[in-house]
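Survey of secondary and tertiary structure
Chain residues, written in single-letter form:
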Amino acid sequence: NLCFVNSTLQLLYSIPDVRDLFKKKEYRQTHAERLPVCDEISRIFKSEGKFRTSAAELRRLTGQYYRRVDICDGVQQDMEEFTRMILDLIEHELSTVGFESSRIMSKFWGKETNRKLFLNTVNGACKQGHEPRTEEEKFRVIRLSVPDTSRELSLNNMIHNHFAENTDKIRMKCS
């Protein structure tokens, strides 16, 4: 079962800077250390669909690193969890050779400022006297809310709605 691995690879391949890093093996320019995950991703990306290749070795390497037999044995996995594992492995391998991994990994990082208001209030403060607050939250994966609708939704619109002006307020309950 490789669909979760292939989805992760398609995500990485769709980002030009990431795709170029692995196709050109920029991280190898001055380092000969063994980087099994990065080298396997490079091998897959270099095929460019011109010949058949499998992501089974990448799945095995990831499962072996995390000591997760369930990943190695081909059982269906969660794509988001696997993507986080691969990103962490890439970051780890690149940092071991001194490659500025943040140059690539920052494509998956972000931060947003959220205004947290209490529920059932006029100005956002609770009846106990707690004031609303603004917090900057960092993320590595954007969790998008999918509205309950029968209309067709595009990922682009969901991302736009997530970062729209009116969505920076989060309602919370007073303890």
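Placed above this text is the structure.
Procedures and definitions
- Residues numbered from 1 in each chain as written.
- Predicted model: local features only at pLDDT ≥ 70, side-chain atom pairs only at ≥ 80, totals over all residues.
- Heavy atoms only, no water.
- Helix = DSSP H or I, 4+ residues; strand = E, 2+ residues; numbered from the N terminus.
- Buried < 20%, exposed > 50% of the residue type's maximum accessible area, 1.4 Å probe, protein only.
- Areas by Shrake-Rupley, 256 points an atom, 1.4 Å probe, with all protein chains shown as cover.
- Axes fitted to C-alpha atoms, helices over the stretch in contact; angles between N-to-C directions.
- Parallel < 35°, antiparallel > 145°, perpendicular 65-115°, else oblique.
- Left-handed = near helix turned anticlockwise from the far one by under 90°.
- Contact = heavy atoms within 4.5 Å.
- Phe/Tyr/Trp six-rings, centres within 6.5 Å; stacked < 30°, edge-to-face > 60°.

With that settled, consider the overall build of the chain. Within the chain, the regular secondary structure consists of eight helices and three strands. Overall, the chain shows an N-to-C arrangement of helices and strands of α-α-α-α-α-α-α-β-β-α-β. Taking all 175 residues of the chain together, 33% fall into the buried category. Carbon and sulfur atoms make up 48% of the accessible area of the chain, which amounts to about 11,500 Å² in all.

Although it is not a glycine, K25 adopts a positive phi angle of roughly 50°. Structurally, the position occupied by K25 is in the loop between α2 (16–24) and α3 (36–47). According to the relative accessible area criterion, K25 is partly exposed, its value standing at 27%. The phi torsion at R67 lies on the positive side, around 55°, for a residue other than glycine. If you trace the backbone, R67 turns up in the loop between α4 (56–65) and α5 (69–72). Residue R67 is classed as exposed on the basis of its relative accessible area, which comes to 76%.

Turning our eyes to something else, we now look at the packing of helix α1 (residues 3–13) against helix α6 (residues 79–96). Where α1 meets α6, the axes come as close as 9 Å, and the angle between the chain directions of the two elements is 55°. Taken together, the axes of α1 and α6 lie oblique to each other. Crossing hand, α1 versus α6: right-handed. Between α1, through F4, V5, S7, T8, L11 and L12, and α6, the contact on the second element is made entirely by M79, F82, T83, I86, L87 and I90.

Attention now moves to the packing of aromatic side chains. What the rule picks out here adds up to five aromatic pairs. Look at Y13 and F45: their rings are 5.0 Å apart centre to centre, the planes differ by 85°, and that puts the pair in the edge-to-face class. Here F45 lies in helix α3 and Y13 lies in helix α1, a separation of 32 residues in the sequence. For F45, a relative accessible area of 2% translates into the label buried. Relative to F45, the ring of F22 has its centre 6.0 Å away and its plane inclined at 85°; by these criteria the two rings are edge-to-face. Here the residue F22 occupies a position in helix α2, and F45 occupies one in helix α3, the gap between them amounting to 23 residues. Both residues of the pair, F22 and F45, count as buried.

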